[in-house]
Amino acid sequence: MRTLVFIPAWNEEASIDGVIADVRAHIPGADILVIDDGSADSTTERAREAGVLVATMPFNQGLGAALQTGYLWALREGYDCCAHLDADGQHPASEVARLLAEVQADRADLVIGSRYAKQTEPLPGVVPEGEDYRATWTRRIGINVFRFFLTLATRQRFTDTTSGMRAANRRVMSLFSENYSPDFAEIESLQMAVREGLRVEEVPVRMLERTGGSSFLTPLRSAFFIFKGLVVILVGQFKPRHAEAER
Amino acid sequence: MSLAVFAAQADRVSLTSQTRVIAAALAILFMLLILDLIRRDRLQERYSVIWFVAGLAMLAGAAFPGLLGSVADLMGVRDTNVALFSIVLLLLLGLALNFSVIMSRQAAQITRLAQERAIERAKEQAAREALEGRLNGKREGEDEPARDRSS
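Here is a short report on the structure shown in this document. (Residues numbered from 1 in each chain as written. Chains lettered and ligands numbered in written order. Predicted model: local features only at pLDDT ≥ 70, side-chain atom pairs only at ≥ 80, totals over all residues.)

1. Here's the deal with the nonpolar core
Residue and element names in this part refer to chain A. Within the largest apolar cluster, 72 residues are counted, with the highest numbers of intra-cluster contacts made by Leu33, Val34 and Val96. For this core, the element with the highest residue contribution is helix H3 (residues 63–76), accounting for eight residues. Sequence-distant contacts of Val34, defined by excluding residues within four places in its chain, comprise Ile7, Ala9, Ile16, Ala47, Val52 and Val54. (Core = buried A, V, L, I, M, F, W, Y, C linked by C-beta atoms within 7 Å. Buried ≥ 20, exposed ≤ 12 C-beta atoms within 10 Å, placed from the backbone. Helix = DSSP H or I, 4+ residues; strand = E, 2+ residues; numbered from the N terminus. Contact = placed C-beta atoms within 7 Å.)

Pasting the structure below:
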């Protein structure tokens, strides 16, 4: 089963080769693609030196566009499944491997790595670990609002709606490569996948604290972010369903 | 009170000849500006039609003041000025919305172009490295230099 792991990166020269090495160590069979979203630093060079293919955007187009590039590549190059994780080192590749296992076993079409899901039953071979991820209060409000409304909209329980650690099969690739909102990709893509009748599953994962940099969310921006997200969810409920993804 | 209503109805067309001349001159200048922008390739023809129509409407309004009055009658508005302002406002609102739609479409096209370019770059890299024989080792999972720098 051909597997692609793609890593969207924007100005991540400090952490990118660590992430690549981590993926190589824990997902040995997978090809790796780094999508450089128009970085001003040497992200592309560092990734190429690490020996992986790099799709460099000519200018910054946002995370959604970068992720869609990955899905497009996976679809066109004929991969059976793909996964993506953040380039800042918050996502351990060992956890991504567990998401991929769910897709490879055909238990779900799209698997989300959730920081907040209760670890009810530990997966076989995995030692359950406590939640060592702690969010700021503005972030927690946003998380809970999105969680509530997305759960309401999809009638499926989601705990980590903005997680950037996911694994998917070809049905999801063909859906996302055509329809992926550049603005509110994380939330809208979940809603869309459920509406298209795909099997979306959350798997509890362990994530690490940010190693460098800071979150872009200030209280005011958070409020605007939440408002935008609500509009997106509301509008998404009335979007026409697309033709059934290839079955 | 009834006198005021009567007066308003008497001169429904409140445009004086002076304002009519100014309006006509402005309309012609406006259309000339549009033509010049097209001529210098600063404005594409397909986006200029609506502005040209707007200029013509302005000119018509100046040439036939009665037109505005009958439009106001059609709208059931007593004051022609209110009719004029609401028409212009609605027109501008429609135009702004139209531009937002065009902008969204072009933003999507730009994004797709950037993505296609990024994919091509990765393919160029793959072809180049295949030529240099570097990818062969990686595919087999052998000859891969120990690059693991993680903890």
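Picking up where we left off.
2. Quick notes on the packing of helix H5 (residues 137–154) of chain A against helix H8 (residues 219–236) of chain A
All names here are of chain A. Running from N to C, H5 and H8 point in directions that differ by 5°, and their axes come no closer than 10 Å. In this view, H5 runs roughly parallel relative to H8, as classed from their interaxial angle. Residues Thr138, Gly142, Val145, Phe146, Phe149, Leu150 and Ala153 of H5 touch H8, and the partners they reach there are Pro219, Ser222, Phe225, Ile226, Gly229, Leu230 and Ile233. (Axes fitted to C-alpha atoms, helices over the stretch in contact; angles between N-to-C directions. Parallel < 35°, antiparallel > 145°, perpendicular 65-115°, else oblique.)

3. Some thoughts on the sheet that holds strand S4 (residues 81–84) of chain A
Residues and elements named next belong to chain A. Pairing in this open sheet of seven strands is mixed, and the strands run S3-S2-S1-S4-S6-S5-S7 from one edge to the other. Edge strands, defined here as strands with exactly one partner in the open sheet, are strand S3 (53–56) and strand S7 (200–204). For this sheet, the mean angle separating the axes of adjacent strands, direction not counted, is 20°. In the packing of helix H4 (residues 93–104) onto the sheet, the strands contacted are strand S1 (3–9), S4, strand S5 (110–114), strand S6 (166–169) and S7, and the crossing angle to S6 comes to about 25°. (Pairing = 2+ DSSP bridges.)

4. Here we look at the interface of chain B and chain A
Across the contact, 15 residues belong to chain B and 25 residues belong to chain A. Broken down by element, the side of chain B that touches chain A gets its largest block of residues, ten residues, from helix H5 (residues 80–131) of chain B. Along the lines of polarity and charge, the residues of the side of chain B that touches chain A split into five nonpolar, four polar and six charged. (Nonpolar A, V, L, I, M, F, W, Y, C, P; charged D, E, K, R; others polar.)

5. Considering the pairing of S3(A)
All names here are of chain A. Neither face of S3 is open: one carries Leu53 and Ala55, the other Val54 and Thr56, and all of them are buried. The pairing of strand S2 (residues 31–36) with S3 spans four bridges and is classified as parallel. Looking at S3, one finds that Leu33 is bridged to Leu53. For the crossover that starts at S2, traverses helix H2 (residues 43–49) and ends in the parallel S3, the hand is right-handed. (Right-handed = clockwise from strand over helix to strand, strands pointing away.)

6. Considerations on H4(A)
All names here are of chain A. With twelve residues, H4 should cover 16 Å at 1.5 Å per step; its first-to-last C-alpha distance of 16 Å lies within 8% of that length. Within H4, burial applies to Ala93, Glu95, Val96, Ala97, Arg98, Leu99, Leu100, Glu102 and Val103. In the core, the buried residues of H4 are packed alongside S1, helix H1 (16–26), S4, S5, S6 and S7. Phi turns positive one or two residues past the end of H4, at Asp106, with a value near 60°. (Expected span 1.5 Å × (residues − 1).)

7. A few points about the packing of helix H4 (residues 65–75) of chain B against H5(B)
All names here are of chain B. With their axes 9 Å apart at the nearest point, H4 and H5 run at an angle of 80° to one another. Classified by the angle their axes make, H4 and H5 are roughly perpendicular. Here Leu68, Gly69, Val71, Ala72 and Met75 of H4 lie close against H5, whose contacting residues are Thr80, Ala83 and Leu84. Partitioned by chemical class, the residues of the contact of H4 with H5 number six nonpolar, two polar and no charged.

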